[in-house]
Amino acid sequence: MYVKIDDEIGGTRCMGRPPLLSDSELVCLAVAQALLGHHSEARWLRFARKHLSGMFPYLPQQSGYNKRLRAALPLVKRVIRELAIDSDFWFDNHWIVDSTPVPCGMSRPTVQRSNLAGWAGYGYCASHSRFFWGLRLYLVCTPTGMPILWALANPKIGEREVLAAMLEIDAGLVAAREGILLISDKGFASTPFEKDLAEQGIELLRPSRKREKARYGEPMLKKVRQLIESVNDTLKGQLDLEQHGGRTFEGVAIRVAQRILAMASAIWHNNKTGAPVTRSLTAYDH
């Protein structure tokens, strides 16, 4: 992955001294931190100095690493897209969309004092029958779990509004595809919304609501819906999405992107090496 990033994004600097820790090394460090399950940046840097000094001759202090990482959010998003494009799954026209909670606080004083006030909000997670304060992660991926689009939004914003905005921002990506089949749950049900998607060349496949006639292709949805649930479980179970530790807008965004990149990196590497299970992280998280 380091070679891939360095070849695609590295480039040469026109002015000033090159940084002691290159952008390619920074992204690789961020991925390794997520895969190895280090929530604390201070503990991660201590671990890296002891075990990874041969691969990373220079490691900054915690404050410097934190600043570089937060500033690297556009770079991390670009690397996620580059890895997806370089995989065999990029041209898959079957997309799955879902949202999952990203809690950012567990107490009332935290909510009142948090720097995330105004961006995060209260929401309800029907899967776990619980309320939470934080954000929702919207993920559009292929059936293998390779991320195509993703976004963070306030839980009070409607799911259809967020998905419509995501598709509008990446309108060029959608226009370049033909016959996209978007698989979702009942939360995205809306006749006007489906018409808007159809105008963009996207067919929405979702379960029927109560008092609604059974929709075409509905019997196959149960198995397909398990795919997106397993992707969310990978992010939360193996990559500790809910233990991100972010306290600011930039902090939460880069920590979520860090985990999405870790999953995309594992899928990309498994695809290149011919691994039997493309979304298996067992070889990387020990």
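Anyway, here's the lowdown on the structure attached to this text. (Residues numbered from 1 in each chain as written. Predicted model: local features only at pLDDT ≥ 70, side-chain atom pairs only at ≥ 80, totals over all residues. Heavy atoms only, no water.)

**Some details on the pairing of strand β4 (residues 147–153)**
Alright, step 1. With seven of seven residues buried, β4 lies mostly within the body of the structure.
Alright, step 2. Hairpin geometry of strand β3 (residues 130–141) and β4 is characterised by an intervening segment of five residues between the two adjacent antiparallel strands and by a positive phi of about 100° at Gly 145. (Buried < 20%, exposed > 50% of the residue type's maximum accessible area, 1.4 Å probe, protein only. Helix = DSSP H or I, 4+ residues; strand = E, 2+ residues; numbered from the N terminus. Pairing = 2+ DSSP bridges.)

**Looking at the pattern of salt bridges**
Alright, step 1. Overall, the coordinates contain nine salt bridges when judged by the stated rule.
Alright, step 2. Taking the shortest distance from any N to any O, the salt bridge between Lys 4 and Glu 8 comes out at 3.2 Å. In this pair, Lys 4 and Glu 8 are both assigned in helix α1 (residues 2–10), four residues apart and thus about one turn of the helix distant.
Alright, step 3. When its relative accessible area of 39% is taken as the criterion, Glu 8 is described as partly exposed.
Alright, step 4. Taking the shortest distance from any N to any O, the salt bridge between Glu 194 and Arg 206 comes out at 2.9 Å. On the criterion of sequence distance, the pair formed by Glu 194 in helix α9 (residues 191–199) and Arg 206 in the loop between β6 (202–205) and α10 (221–238) is long-range, its members being 12 residues apart. For the pair Glu 194 and Arg 206, a shared accessibility class is recorded, and that class is buried. (Salt bridge = Lys/Arg side-chain N within 4 Å of Asp/Glu carboxyl O.)

**So, the layout of surface pockets**
Summary: where empty space remains is shown by rolling a probe the size of a single water molecule over the atoms.
Alright, step 1. Space inside the largest pocket adds up to approximately 560 Å³.
Alright, step 2. Lining the largest pocket are 19 residues, and of these Lys 77, Trp 150, Ala 151, Leu 152 and Ile 169 lie nearest its centre.
Alright, step 3. Examining the composition of the lining of the largest pocket, we find that seven residues originate from one element, β4, more than from any other.
Alright, step 4. Residue composition of the lining of the largest pocket, by class: 16 nonpolar, no polar and three charged. (1 Å grid on protein atoms, 1.4 Å probe; cavity = no way out; pocket = protein on both sides within 12 Å on 5 of 7 lines; lining within 4 Å. Points joined across faces, edges and corners; volume = space filled by probe spheres on them. Nonpolar A, V, L, I, M, F, W, Y, C, P; charged D, E, K, R; others polar.)

Without other data, these values stay purely geometric and don't point to any function.
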